[in-house]
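Residue-level listing of the chains:
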Amino acid sequence: MRSLSKRAVIGLVCVCVFFTVAIIAVGIVGFSGIQSTTHVGRSIVADELATASATAQVGRQIDEAQVQGDEISLSANPVQVAQLERELYDVTLPGVDSALARLQQLHAGDSPSELAGIRQLNTQWAAVRALLTPLPTRSLTPSPARAARLDAAFTPLAAHVDGLIAREASDAQHGQHQASATSTSTRWAILGSVLACVVAAGAVAFAGIRRIKRAIEPENAQIEFSEALQMVDSEIEAHQLLKDHLERALPGTDATVLNRNNSADRLEAMTPLTVGSSLGEPLRHADPRSCLAVRSGRTHIRDSAKSALLNCVVCGDCPGSSSCSPFTVSGEVIGAVLVTQPGSSALMDNDRVRESVAQAAPVIANLRNLAIAELRAATDSLTGLPNKRAVTDTLKRMLAHASRSMEPLAMLVIDLDHFKSINDRLGHPIGDQALANVGAALKSALRVSDFAGRNGGEEFAVLLPDTGLEGGLAAAEKIRAAIADIDLPGVDVAVTASLGLAVFPEHATNAERLERLADAALYTAKHSGRNRVEIATPGHEAVPDSAVV
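Everything in this summary refers to the structure shown in the same document. Quick caveat: nothing in here was measured; it's all calculated off a predicted structure.

Conventions and cut-offs
- Residues numbered from 1 in each chain as written.
- Predicted model: local features only at pLDDT ≥ 70, side-chain atom pairs only at ≥ 80, totals over all residues.
- Heavy atoms only, no water.
- Pairing = 2+ DSSP bridges.
- Helix = DSSP H or I, 4+ residues; strand = E, 2+ residues; numbered from the N terminus.
- Axes fitted to C-alpha atoms, helices over the stretch in contact; angles between N-to-C directions.
- Contact = heavy atoms within 4.5 Å.
- Buried < 20%, exposed > 50% of the residue type's maximum accessible area, 1.4 Å probe, protein only.

## Some thoughts on the sheet that holds strand E6 (residues 409-416)
A sheet is described by the order of its strands in space; here five strands give the open sequence E7-E8-E6-E9-E10, paired in mixed fashion. Sheet topology places strand E7 (451-456) and strand E10 (533-535) at the edges, where each strand pairs with a single neighbour. Ignoring strand direction, the axes of neighbouring strands in this sheet form an average angle of 20 degrees. One ladder, built from five bridges, connects E7 with strand E8 (residues 459-465); its direction is antiparallel. By the bridge assignment, Ala452 is partnered in E8 with Val462. Packing of helix H9 (residues 388-405) onto the sheet brings it into contact with E6, E7, E8 and strand E9 (497-504), and relative to E7 it is tilted by some 140 degrees. Each of E6, E7, E8, E9 and E10 touches helix H13 (residues 511-527); the most contacted strand, E9, lies at about 145 degrees to it.

## Points about the sheet that holds strand E4 (residues 321-329)
Across the sheet, five strands lie side by side as E2-E1-E5-E4-E3; this open sheet has antiparallel pairing. Each of the sheet's edge strands pairs with one partner strand only, and the pair in question is strand E2 (266-269) and strand E3 (300-302). Ignoring strand direction, the axes of neighbouring strands in this sheet form an average angle of 20 degrees. Alignment of strand E1 (residues 254-261) against E2, held across four bridges, turns out to be antiparallel. Each residue of the ladder has a partner; that of Asn261, found in E2, is Arg266. Lying on the sheet, helix H5 (residues 235-249) is in contact with E1, E4 and strand E5 (332-341); it crosses E1 at an angle near 150 degrees. With respect to the sheet, helix H8 (residues 350-377) is in contact with E1, E3, E4 and E5, its orientation differing from that of E4 by roughly 35 degrees.

## Some thoughts on the pairing of E5
With nine of ten residues buried, E5 lies mostly within the body of the structure. In terms of strand pairing, E1 meets E5 through six bridges, oriented antiparallel. Across the sheet, the residue bridging to Val257 is Val337, located in E5. Across nine bridges, E4 lies against E5 in antiparallel orientation. Within E5, the position partnered with Ser323 by the bridge is Val339.

This is the structure we're talking about:
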């Protein structure tokens, strides 16, 4: 799952980077297009300026023609007039005609209104040119009237040319400003769009990564829980782990693991209840069928906003809402997990609860089976007491604790008197009954913290933590009396036992020596008349060659 999350994040980042690069590439192409458009605009403006320049040239040549016409009309010098006429008719007038033709070509693609202005210019020039046509008979007398007619014809023509020049210049300037403004605004628009897209891509990547992580986080939590389940050593540790996992995954909830105890027909809380928990009283006398989830084998959801048709004895009176999922292993319900919360059940992630319970159920079942197997392996089936291996292990553990805490530890070794004769005379069933009764007597005579086990045959061992010589002797006498009170139904036989007592650290400081001394004291009791308690004597550890039974 972590690998999938990593690949998803990398894929999202790659997509965002790809789109970012594509956006930047589009921006670069856009800037290139703007640059090209700017060049085209500048070319158009240059054309406008060229047209304005050509119009200005036409105006200068027309002005020159006017000046030459006036001088011809007002001059009385034949030589000067001839020279002016040659310049006018050979150079100026053809130059104006040529300039007008070029100007008309420049305006060939213009709008009808602009073409109308050029046609008007041609018309006006034609009228002026007619006035400049050579007279059939030349008069060397100055003619102010002709000059006046020329000026009158030239005036609107000159004004029209000036208007055309101003219009062309204005159009060129406006075009230049418009092209520059359009180029600038477009650049900023593209730049802003690119930046916005890049920011958007980054935001999408950030939001996507957060959503991926948020979506993957519950699965990662489940994986962490599953991995932790594989490392627990006991059923109790697994119960607590499940409780902690659910309460961390579902903030504000309270999880309680319930165990179905079939032997006692009880439903028990396997995790500590919170102070003042409303589950305390219902669980005090609850049997497995009290829980609807255990009874039905299905998740039972209770919503505080709705009245239940069938109320659960266990969680029916709990405040808020709850979800109870059963532990089901091989079709058998072995317990349940009750999760409560203050709000509505709609806010409860029931799938998470069911998934977690499904993961934990087989692990808890395996741990339970393993514990049962270990208990059976360490338990004597006849008496129900721990066997010799368990006795040895417990002695080492208790002695290590006593050494650390500097507390005494008493050990009793018990052997039934004349047990072989009981078996031989009355049969093994009676002997087995006697052993079972001794096991029950030991359990009834000891404290909760004490330990009793069967070493094998008719021999038993008892460990009394935090007990010195005086307390050990009192406990030994109590055990001896309890065994002596055993009554075997239908059989007239007395059951007695001899006991040997050794105490740590008074008699020995290690397990082997403590057990040998207690065993030696036992045989002393045997030789001293049986049905008695003897205290170990350091230095007398050897067991007699001929054991007395």
